[in-house]
Structure formats: structure tokens, C-alpha cells
Amino acid sequence: MGLLKTTKILAAATAVAAIAGTSAFAQEMTLKLGHLANEQNSWHLAAVKFGEELNALTDGRIAVEVFPNESLGKEVDLINGMQLGTVDMTITGETLQNWAPMAALLAVPYAYRSLEHMDEVASGAIGDQIIDQVVEKAQIRPIAYFARGPRNLTSQRPIASPSDLNGMKMRVPNVPLFVDVWSALGAAPTPMAFSEVFTSLQSGVIEGQENPLALIRSANFNEVQGYVNQTEHVRSWIYLTIAESTWNRLSADDQAAVMQAAATAQEYERGLLLESLAADQEYLEANGMEFVEVDGAAFQTAAKDAVLANVSDEIRPVVEDLFSN
């Protein structure tokens, strides 16, 4: 074998070894991110986007493996796993109030007048207080938040103000806050499993129910309900979170990369949410439902005392301020 040919072979072997060595060095950490949503959900798509951004920002040193459909565990299991160090990340919301009472503020009925108002709270001083308490009490760090579609009331007649409810029988989740608030508004709320709602509406056992547009659509409630009353009575958000133990293993530069990737994922998810809300309304209208504007201020005023009676002492002053602003 000639010297030149031997030299070329050695050079090629060295290049392959260098590439392999670089590849092995490049991926230093793989973060496990489990959540409850399916692969079509905007939360999952945003989680994947987060992983892609973080991988790019760290030149491949940090990868994110996303596990949808509770495949890594249910929400509370994932939180416990993050506290134990077996899970790195999840998407979670008011469940965090089991550790940090201020997390109940993520989903208080009539506390947020609009998406913009909710954004002001989530990204402002109150949001900072929630995050600080979650970090301290739950050892989990929120790094971005995703808005949820607001809950709306569906019915067989237009409901523009609380007086229109007039004892209307409606399904609510088995949550005392929901029962008390809808009673205060003038309805006759009935706790019921979600699986029973369609047939109960169909048979007239109940006259209405409340849920986000995506669920109204997927449950085919347009087949048994004529109106979507835009009560938007619960606006809420949910956090993309990282275990504090995982966060503390990151360098300052990598922590900055995580936050930058999270900000990109948050913006991306917001776009998906707005698109889905518009698409769901268009679908429901095309399939026979009429959207009704409501007197939001009248609903909020009528609900206030029931809401305040159901929140903890720790967050009651904050909720009172939200109602008065």
C-alpha cells in the first residue's frame, strides 16, 4: 500500500473518530418531559417545539424526550417524580395548589375579564408570587405558561345575563366551587360525570353544560344544544415546568437557553390556541350553534360572593383585588 493511500485512510479514520467523538460529547443530557395530553394537543406540540429549540440553542448538548398520553405517569405521579428526581419536566396547573396554595389562582371563576387581563396577571407580580411559592413548596420551577380555552355555557335558549338562567338545570363538575357559583348565578347545577352529559342533554334531564369550545366540539354537543353563551367564566393557564433539581444541574448559560426555548414555546402555543378557538367557533356555527354575547360584568358581580367563599384565606385578598380591578 502506498504512503499517500495509507495517509488518506488514516486521515479518514481520524475524521470519523472526531465526528463520533463530537457526537458523543454533544449530547450531555436528555430531559424527560411527561404530560397528559395527546399528540394533537397544542401543549404537546409546544413541548416538542421547546425540545427542538433547546437542542438547537445548546448545539445538541441537551435533548428533550416528550412522553404524551400519561405514558410516563399521571399528573400527580409526574410531579412526585420530579420531586424525587426521576422525571425532569411536565405540564401542570392548579394541581400544584396541593403544595403551593397560590396556584389556585390559575383557575378562579370570573377573576380574569379577558385573555389580555389574564396575561397581565400571569406575567406580572402575582404570577411571580405564584412561581416563587411553587419553587419553594413544590420544588418545581414554572418556565412558561400556556393559556387554556375559556369555559362557556351551552344551552337550548339564549342566556345573555344571570336572570336568563332562571333555574336552568345544568351539568357541572363535582367541585363545590362550581356548584356554589352557578347556584349564585341563578341556575340549578347538577354534578355529573362527563360521560353522562350527552345523553342527559339529549333526554332533557339537564338543559345545559359548560366547557371549553374544543370539548364542546369533540363531544358533539352541537347535536343536542343550540347556543354557546360566551360566559368565558373560567379563564386559566397551565405551566411548563422543570424540576428544581434538574434546573440546579444546569449551567447559567444552559438555564438561559431553557428560558429562551420556553419563551419560544409559549409564543408558539399561543398561536395554536388562537387558531383552534377560531376553528372551533367556525365549526360549531357551521353545525347549527349560535354564539351569544353576554353581560360579563353582571355575571361577575353575581358570582363574586360565592367565589370568595370558596377560595382559601391565603388567596382571598388577591381574588378580591382581581374582582375590583
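These numbers come from a predicted model, not from an experiment.

## Focus on the sheet that holds strand β4 (residues 140–147)
- Here 5 strands make up an open sheet; going across it, the order is β2-β1-β3-β10-β4 and the pairing mixed. Whereas interior strands pair on both sides, the edge strands pair on one side only; in this sheet they are β2 (62–67) and β4. Averaged over neighbouring strand pairs, the angle between their axes works out to 25 degrees when direction is ignored.
- Pairing analysis gives 2 bridges linking strand β1 (residues 29–34) to strand β3 (residues 89–92), with the strands arranged parallel. Paired with Leu-33 across the bridge in β3 is Met-89.
- Along the sheet, helix α2 (residues 42–57) contacts β1, β2, β3, β4 and β10 (237–243); its crossing angle with β2, the most-contacted strand, is approximately 165 degrees.
- Here helix α4 (residues 115–122) sits on the sheet and contacts β4 and β10; the angle it forms with β4, its principal contact strand, is near 170 degrees.

## Topic: the layout of surface pockets
- Taken as a whole, the largest pocket encloses approximately 1,100 Å³ of empty space.
- Around the largest pocket, the lining is made up of 37 residues, and of these Arg-148, Gly-149, Arg-151, Pro-212 and Ser-236 lie nearest the centre.
- Elements represented by at least two residues in the lining of the largest pocket include exactly α2, α6 (176–185), β8 (208–212), α8 (213–218) and α10 (252–286).
- When residues of the lining of the largest pocket are assigned to their parent elements, the largest contribution, 6 residues, is made by α10.
- Looking at side-chain class alone, the lining of the largest pocket contains 20 nonpolar, 11 polar and 6 charged residues.
- For the second largest pocket, the calculated volume is near 170 Å³.
- In terms of lining residues, the second largest pocket is bounded by 14 residues, among which Pro-150, Leu-213, Glu-232, Leu-277 and Gln-281 are the most central.
- When contributions to the lining of the second largest pocket are tallied by element, the ones reaching two or more residues are β9 (227–234) and α10.
- No other element matches the 5 residues that α10 contributes to the lining of the second largest pocket.
- Split into classes, the residues belonging to the lining of the second largest pocket amount to 8 nonpolar, 3 polar and 3 charged.

## Section: the sheet that holds strand β5 (residues 151–155)
- What the 6 strands build is an open sheet, ordered β7-β6-β8-β5-β9-β11; its pairing is mixed. Strand pairing shows two members of the sheet lacking a second neighbour, β7 (188–191) and β11 (290–292), which therefore form its edges. Adjacent strand axes in the sheet meet at a mean angle of 35 degrees when their direction is disregarded.
- Here β9 runs beside β11; their pairing, made up of 3 bridges, is parallel. Counted as the bridge partner of Asn-229 is Val-292 from β11.

## Topic: the environment of Ala-187
- Relative to the helices and strands, Ala-187 is located in the loop between α6 and β7.
- According to the relative accessible area criterion, Ala-187 is buried, its value standing at 11%.
- Once the C-alpha coordinates of Ala-187 and Leu-33 are considered, the two residues, 154 residues apart in sequence, prove to be 41 Å apart.
- The contacts of Ala-187, once residues within four sequence positions are left out, are Leu-165, Gly-167, Met-168, Met-170 and Trp-182.

Analysis parameters
- Residues numbered from 1 in each chain as written.
- Predicted model: local features only at pLDDT ≥ 70, side-chain atom pairs only at ≥ 80, totals over all residues.
- Heavy atoms only, no water.
- Pairing = 2+ DSSP bridges.
- Helix = DSSP H or I, 4+ residues; strand = E, 2+ residues; numbered from the N terminus.
- Axes fitted to C-alpha atoms, helices over the stretch in contact; angles between N-to-C directions.
- Contact = heavy atoms within 4.5 Å.
- 1 Å grid on protein atoms, 1.4 Å probe; cavity = no way out; pocket = protein on both sides within 12 Å on 5 of 7 lines; lining within 4 Å.
- Points joined across faces, edges and corners; volume = space filled by probe spheres on them.
- Nonpolar A, V, L, I, M, F, W, Y, C, P; charged D, E, K, R; others polar.
- Buried < 20%, exposed > 50% of the residue type's maximum accessible area, 1.4 Å probe, protein only.

Keep in mind that these numbers describe shape and distance, not what the molecule does.
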